[in-house]
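For reference, the chains in residue letters:
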Amino acid sequence: MPSHVCVPFADTSEDSGGGEGLPEWNRSKNWKELKFGHGGGGRGARDSRYWDQDDRRRDEDYSEDEKEKISGAGGNTGDAGGSSKKGKDTNSDTGIEKGLTLESTRGAAEKEVPEVAEGGKGGTLYNEGGRKELEQYEAAAIGAAGTRMREVDPDDEYDDGIDVQDDIEDAQFRSSDGGRKLGDGTHESIEDENVALDRHMEAGGGINLGSDAANVDPKKVSGTVNKKRGSKKKSKRKKSGLTCEMKFLNSTAQLVEPVKNEKFASFSLKYVEVEEKPVGSDFWEPRFAGHQSLQEREDSYVAQDQQLTCAFVKGPNGTSTGFDISEDDRKYMSKCRIAVSSCIFGNSDRLRTPFGKTITSLSKKTVCFAMFLDDVTLHTLLSEGLKMDNMGFIGIWKIIVIKNMPYNDMRRVGKIPKLLAHRLFPSSRFSIWLDSKLRLQTDPILILEYFLWRHGYEYAISNHYDRHCVWEEVVQNKKLNKFNHTIIDQQFEFYQADGLTKFNPLDPNKLLPSYVPEGSFIVREHTPMSNLFSCLWFNEVDRFTPRDQLSFAYTYLKLRRMNPKKTFRLNMFKDCERRSIAKLFHHRSEERRSSQQLTR
């Protein structure tokens, strides 16, 4: 097979070698010795939102003097960090690591991955050695893509599709309104009294025939309203901001919540609620995500009646491990039948309300709009003039304040509401997640009908606008220093050892149109298979890195591989459709740089 083609997920023969010499939580009889940690995802870990600096500055024990010593010893800066016999073998002809070739599935399991902390201490693929190693990753990715690597923008992964006109509109609206209005659109209009009445109604019932459902302009719903644009910024990035036509229903008036789909897999999931301290484990500490062994992790991928570790695990005697929610907020969330949720932690974004004219009265009555915040973010929003009423609402958003964060890494904390909506809204049947950089511009019920109900799907997520192979995603994450290089390598090698291979766009039998999701917009029905997938994906984020795009394909393909007789109806839709229903904005940290560029 040509080297430039990414091949689909391949089954690997089960290895009988045990995990001798590993800690109990890190053993599995299904793999040879392969050491890795929990990605440093604890309270002592650093916030990965600040990884995107020069990686030499991220190691507290790294110095320029140490760099000179490493460079002088052996005369090869590319092997900095101690790569010798333990280093990765390279092909003498191509200079590409064997760990990145199609033969890596078997070879990765035979190598010992260094067990290191999140800070990168003790790794061999970090700092200057990581820079050299990154070049080899890029060479492999070039072969996978069959084209030149494009020049990247050092912004966040969701910075695509923002143009100068968006910046101008957002800046003008904030300056003229003092930051008191939600959202950014001057056309936004929500009748306060009606919204206040609708949003406070209990959301426990299903969707009735919409006798009072407002008609929706399909042009506005699809996000394809023609607008006069100013001059566009010339971007070095691939042009990806185009929307595409979507045929939403004109109204929710005739919509009825669908009955249970008998084609969906049926089994029962229960969750580990409490962990007791093992006898003789002096250094054991309770963890929000629990202490799942490798064997327990392997067993959890089988779609069957089971008790699953899926976050919210309390310590001995029911002590909290984090992500605490008030009793009143829990009561509100327990009544939600359909939930639209987002989060802002660490004061990273502004609060953006869904575009009022596209939200039908039916959705205002039956859909919960929940925004998860920490105290710092709430304080900032209130100081900017936003008003929260006595029932905890700012506009249409019900504010859910989170106390006692389970991780210091706010990006990892954000994966809790993103991936575990079925745990947070226990009575909900459907949910929609959107990142805080997005503003919803389409009615939620019409979104459910379009992405799930119309063709019988239970999970929907868009593909990435540019990258489709995990190999490329690894390169991008390391190029932009999105996380500790060593832990990314541990995760990547582990996945290869368990059968992950390159994406083959030419394969007519491929299970997904892309192995890399865009990730900022997720629509799901809370079926057993959807809930299981969400738990498995979160467990990967907890065990390795919070970069969920690295673990999506592995989690999905392994779930399918281990359950060949059970369907998982996942709709990976085009990213242009995601752009049609949600508008993208800058993070707060990007606004100053963006405004400076506009004034030049």
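What counts and how
Residues numbered from 1 in each chain as written. Predicted model: local features only at pLDDT ≥ 70, side-chain atom pairs only at ≥ 80, totals over all residues. Heavy atoms only, no water. Helix = DSSP H or I, 4+ residues; strand = E, 2+ residues; numbered from the N terminus. Buried < 20%, exposed > 50% of the residue type's maximum accessible area, 1.4 Å probe, protein only. Areas by Shrake-Rupley, 256 points an atom, 1.4 Å probe, with all protein chains shown as cover. Axes fitted to C-alpha atoms, helices over the stretch in contact; angles between N-to-C directions. Parallel < 35°, antiparallel > 145°, perpendicular 65-115°, else oblique. Left-handed = near helix turned anticlockwise from the far one by under 90°. Contact = heavy atoms within 4.5 Å. Core = buried A, V, L, I, M, F, W, Y, C linked by side-chain atoms within 4.5 Å. Salt bridge = Lys/Arg side-chain N within 4 Å of Asp/Glu carboxyl O. Pairing = 2+ DSSP bridges. Polar contact = N/O pair within 3.5 Å; in protein donor to acceptor, adjacent residues only side chain to side chain. Disulfide = S-S within 2.5 Å.

Per an unreviewed UniProt entry, the chain is named TOD1/MUCI70 glycosyltransferase-like domain-containing protein, and its organism is Brachypodium distachyon.

Quick word on the overall build of the chain
Helices and strands together make up the secondary structure of the chain, namely 19 helices and 12 strands. Counting over 600 residues, the chain shows a buried share of 57%. Entry remark: accessible area of the chain is about 26400 Å², with carbon and sulfur atoms responsible for 48%.

Focus on the packing of helix 16 (residues 528-543) against helix 17 (residues 552-562)
Contact geometry of helix 16 with helix 17 gives a least axis separation of 10 Å together with a crossing angle of 135°. For the element pair helix 16 / helix 17, the angle class is oblique. As for the relative orientation of helix 16 and helix 17, their crossing is right-handed in sense. Across the interface between the two elements, M529, L532, F533, L536, W537 and E540 from helix 16 touch F552, Y554, T555, Y556 and L559 from helix 17.

Examining the nonpolar core
Counting 74 residues, the largest nonpolar core has F323 and F372 as its most contacted members. When residues no more than four places from it in sequence are discounted, the contact partners of F372 are I325, M333, S341, S342, C343, I344, F345, I400, I402, P417, L424 and F425. By size, the runner-up hydrophobic cluster in this structure holds 41 residues, among which are L351, V367, W397 and I432.

A word on the pattern of salt bridges
Summed over all chains, the structure comprises 20 salt bridges. Across the salt bridge formed by R429 and E525, the nearest N and O atoms sit 3.2 Å from each other. In this pair, R429 is assigned in the loop between helix 12 (421-424) and strand 7 (430-434) and E525 in strand 10 (residues 517-525), connecting sequence segments 96 residues apart. In terms of burial, R429 and E525 fall into one category: buried. Note that D575 and R578 form a salt bridge whose closest N and O atoms lie 3.1 Å from each other. Of the two residues, D575 and R578 are both situated in helix 18 (residues 575-581); the distance of 3 residues between them amounts to about one turn of the helix. Residues joined by salt bridges that share partners form a network here, namely E257, R337, R429 and E525.

So, unusual backbone geometry
Apart from glycine, the bulk of residues carry a negative phi angle, and the bulk of peptide bonds sit in the trans form. Here the phi dihedral of N317 falls at roughly 65°; this positive angle occurs in a residue that is not glycine. Positive phi is not limited to glycine here, since N481 has a value of about 55°. Locating N481 in the fold gives a position in the loop between helix 14 (470-479) and helix 15 (485-497).

Here's the deal with helix 17
Most of helix 17 sits out of view: 8 of its 11 residues are buried. Of the positions making up helix 17, those classed as buried are F552, A553, Y554, T555, Y556, L557, K558 and L559.

Focus on the sheet that holds strand 11 (residues 570-573)
Reading across the sheet, the 8 strands line up as 5-6-4-3-7-10-9-11 and stay open at both edges, with mixed pairing between neighbours. Edge positions in the sheet fall to strand 5 (393-394) and strand 11, since each has one partner strand and no second. Bridging between strand 3 (residues 338-344) and strand 7 involves 4 bridges; their strand directions are parallel. Of the residues in strand 7, the one forming a bridge with S341 is W433. With respect to the sheet, helix 11 (residues 410-419) is in contact with strand 3, strand 4 (367-373), strand 7 and strand 10, its orientation differing from that of strand 10 by roughly 35°. Contacts between helix 13 (residues 444-453) and the sheet are confined to strand 3, strand 4, strand 7, strand 9 (459-463), strand 10 and strand 11, with strand 10 contributing the most and set at about 95° to the helix.

As for helix 13
For helix 13, the tally of buried residues reaches 10 of 10 residues, placing the bulk of the element in the interior. Residues of helix 13 that are buried include every one of P444, I445, L446, I447, L448, E449, Y450, F451, L452 and W453, and no others. If you check the start of helix 13, you find a side-chain oxygen 3.1 Å away from the backbone N of I445, and it comes from D443.

Observations regarding the state of the cysteines
Applying the stated criterion to the full structure yields 3 disulfides. In this model, C310 is linked to C535 through a disulfide, with the two sulfur atoms separated by 2.1 Å. Between C310 and C535, the disulfide has an S-S torsion of -85° and is therefore left-handed. Taken together, the residues C310 in the loop between strand 2 (306-308) and helix 8 (327-334) and C535 in helix 16 connect sequence positions 225 residues apart. The residues C310 and C535 share a single accessibility class, namely buried. The partner cysteine of C336 in its disulfide is C368, sulfur to sulfur 2.1 Å. Taking the torsion about the S-S bond as the criterion, the C336 to C368 disulfide, at about -100°, is left-handed. Of the two residues, C336 sits in the loop between helix 8 and strand 3 while C368 sits in strand 4, which places them 32 residues apart along the sequence. Here the two residues C336 and C368 agree in accessibility, since each one is buried. Taking only the cysteines that form disulfides and numbering them from first to last, the chain has the pattern 1-6, 2-5, 3-4.

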